[in-house]
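Listed here are the chains, written in short residue letters.
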There are 2 protein chains.
Amino acid sequence: MEEERERYVEDFAVMFERFGLPRMMGRVLGALLVSNPPELSAGGLAELLRASRGSISQTTRSLVQMGLVERLTKLGERRDYFRVKPGAWDDLMRSQLESVTTVRQMAERGLEVVPPDAQSARQNLEEMRDFYGFWEGQMHHLLKLWKQERGGSEQ
Amino acid sequence: MEEERERYVEDFAVMFERFGLPRMMGRVLGALLVSNPPELSAGGLAELLRASRGSISQTTRSLVQMGLVERLTKLGERRDYFRVKPGAWDDLMRSQLESVTTVRQMAERGLEVVPPDAQSARQNLEEMRDFYGFWEGQMHHLLKLWKQERGGSEQ
DNA sequence: CGAGAGTTTCAATAAATATTGAAAATATTG
DNA sequence: CAATATTTTCAATATTTATTGAAACTCTCG
């Protein structure tokens, strides 16, 4: 991997880290993203990223579970390969939509927990509920729209 | 703070933590959210959450900087108070929009880094760019829409 | 079934992060 | 300006999280 792409992978990892996810996940995803050919083996990733096989194993599992990466095998070869899953970004956004739902529910639970006469707290929580309720609906709609317009063939 | 609200604040903190932010931030924000009256002093927060003053100080600063909490003073009183900032959720979503922009830009940079003949990598990156470009535009639009419909009076 | 290629597990360790608490700084009052 | 209330800073520490590497495991092939 030449200098420039190594730099890219590292920066990708830092970005990922800022989203609260392990740096190594960003490295692996970044490496797969710019790899040619598009799939790499666990061993290949370990070598490319100068990381232990153990940590590649753990990281690929997490990425597969998150739906960002898929594992594939090749006829006549023992090793497993990994590549960026088509539709990965859509999946990621879908999990963000789940977070939005969680926040909305937390607002609703807040309204149950707060005394009926706590006006300002109720107002805060109602705004929170309404806002996240709004996003919940809109995101749902937009995910559908995207799939309709662009995702017709894949998956 | 009674049992039920303490539980709520802790659960709120765990949710916050899952988004990659410090647990204490979630505690402080959760406590302010369900507090009646709506503002609490640094000392009050420390006592309520059984946390050190130092960590309350650090946490409130971060929350203020993130735009989720505001500091206020009261005439005739020395201490500072904190409360949930009106429009906090909108601000938070705006910072998520910034993240979306960052991801889109990272996709574009990927396209510069990858050789012209690396078909599949280019396809990956183009899908990423288009997807996040789409969300960028849509989120921008929705934030405007929300402000128009609901945020007319505040701020 | 045994050998070899490859992957996963997991205890140990390294690294990063959050939290405390005491001292320093700051602001307000009389 | 001294006394007091309050907040901030920061070095030390506790806690959490990521990473390694060696051993165990799994699979495939001859």
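Residues numbered from 1 in each chain as written. Chains lettered and ligands numbered in written order. Predicted model: local features only at pLDDT ≥ 70, side-chain atom pairs only at ≥ 80, totals over all residues. Heavy atoms only, no water.

(A) Layout of the interface of chain A and chain B. Each side of the interface is counted separately: chain A has 52 residues, and chain B has 53 residues. Carbon and sulfur atoms make up 70% of the area that chain A and chain B hide from each other, which totals about 4900 Å². Summed over the shared surface of chain A and chain B, the number is four salt bridges. A salt bridge links R109(B) to D11(A); its shortest N-O distance comes to 2.9 Å. Where chain A touches chain B, the interface holds six residue pairs in polar contact (both at pLDDT 80 or more). At the level of elements, α1 (3-18), α2 (23-33), α5 (88-113) and α6 (119-150) of chain A are the ones that each hand at least two residues to the side of chain A that touches chain B. Among the elements that make up the side of chain A that touches chain B, the one with the highest residue count is α6(A) (18 residues). The residue makeup of the side of chain A that touches chain B, split by class, is 30 nonpolar, 11 polar and 11 charged. (Contact = heavy atoms within 4.5 Å. Buried area = accessible area lost by both parts, 1.4 Å probe. Salt bridge = Lys/Arg side-chain N within 4 Å of Asp/Glu carboxyl O. Polar contact = N/O pair within 3.5 Å; in protein donor to acceptor, adjacent residues only side chain to side chain. Helix = DSSP H or I, 4+ residues; strand = E, 2+ residues; numbered from the N terminus. Nonpolar A, V, L, I, M, F, W, Y, C, P; charged D, E, K, R; others polar.)

(B) Seen up close, the pairing of strand β3 (residues 80-84) of chain A. Residues and elements named next belong to chain A. Pairing geometry for strand β1 (residues 40-41) and β3, over two bridges, is antiparallel. By the bridge assignment, S41 is partnered in β3 with Y81. Two strands pair when backbone bridges link them, and strand β2 (residues 69-73) and β3 are joined in this way by five bridges, in the antiparallel orientation. Paired with L72 across the strands is Y81, a residue of β3. Taking the residues that link successive antiparallel strands as the turn, the β2-β3 hairpin has six residues, and the phi of G76 there is positive, at about 80°. (Pairing = 2+ DSSP bridges.)

(C) Structural detail: the sheet that holds strand β1 (residues 40-41) of chain B. In spatial order, the strands read β1-β3-β2 (chain B); together these three strands make up an open sheet with antiparallel pairing. Of all the strands in the sheet, the pair left with one neighbour each is β1 and β2 (69-73) of chain B.

(D) Inspection of the relation of the copies chain A and chain B at higher detail. Expressed as a screw transformation, the operator carrying chain A onto chain B has a rotation angle of 180° and an axial translation of 0.0 Å, and the superposed copies differ by an RMSD of 0.1 Å. The superposition of one copy onto the other is thereby described by a two-fold rotation axis. Residue G20(A), judged by its C-alpha, is the member of chain A lying nearest the rotation axis, at 2.0 Å. Comparing interface residues between copies, 100% of those in chain A also lie at the interface in chain B; the contact surface is shared. (Least-squares fit on C-alpha atoms with pLDDT ≥ 70 in both.)

(E) Here's a closer look at unusual backbone geometry. Residue and element names in this part refer to chain A. Residue P37 is bonded to the preceding N36 through a cis peptide linkage, with omega at 5°. Relative to the helices and strands, P37 resides in the loop between α2 and β1. One non-glycine residue with positive phi stands out, namely R50, at about 50°. Its place among the elements puts R50 in the loop between α3 (42-49) and α4 (53-66). Given the relative accessible area of 63%, R50 is considered exposed. (Buried < 20%, exposed > 50% of the residue type's maximum accessible area, 1.4 Å probe, protein only.)

(F) Focus on the packing of aromatic side chains. Going through the model one piece at a time under the given rule, you end up with 16 aromatic pairs over all chains. Note on F131(A) and W135(A): the rings are 6.1 Å apart at their centroids and 55° apart in plane angle, and the pair reads as tilted. Of the two residues, F131(A) and W135(A) are both situated in helix α6; the distance of four residues between them amounts to about one turn of the helix. Summarising the burial analysis for this pair, F131(A) and W135(A) share the class buried. Taken together, a centroid distance of 5.0 Å and an interplanar angle of 45° make the contact between F134(A) and W146(B) tilted. Within this pair, whereas F134(A) is found in helix α6, its partner W146(B) is found in helix α6 (residues 119-150), the two belonging to separate chains. One exposure class covers both F134(A) and W146(B), and it is buried. (Phe/Tyr/Trp six-rings, centres within 6.5 Å; stacked < 30°, edge-to-face > 60°.)

(G) Representation of the sheet that holds β2(A) in the model. All names here are of chain A. One open sheet holds the three strands; their spatial order is β1-β3-β2, and the pairing between them is antiparallel. Edge positions in the open sheet fall to β1 and β2, since each of these has one partner strand only. The strands touched by α4 are β2 and β3; relative to β2, the strand with the most contacts, the crossing angle is about 110°. (Axes fitted to C-alpha atoms, helices over the stretch in contact; angles between N-to-C directions.)

(H) Fine view of the protein's contact with DNA strand D. Around DNA strand D sit 17 residues in total, of which M24(A), S52(A), S57(B), R61(B) and R78(B) are the nearest. When the atoms of DNA strand D within 4 Å of the protein are grouped by moiety, sugar and phosphate amount to 68% of the total. Within the side chain of R79(B), one N or O atom sits 3.2 Å away from a phosphate oxygen of DNA strand D. Where the surface near DNA strand D is concerned, the elements lending two or more residues are α4 of chain A together with α3 (42-49) and α4 (53-66) of chain B. Here the surface near DNA strand D gets four residues from one element, more than from any other, and that element is α4(B). (Near = heavy atom within 4 Å.)

All we've got here are geometric facts, nothing functional implied.
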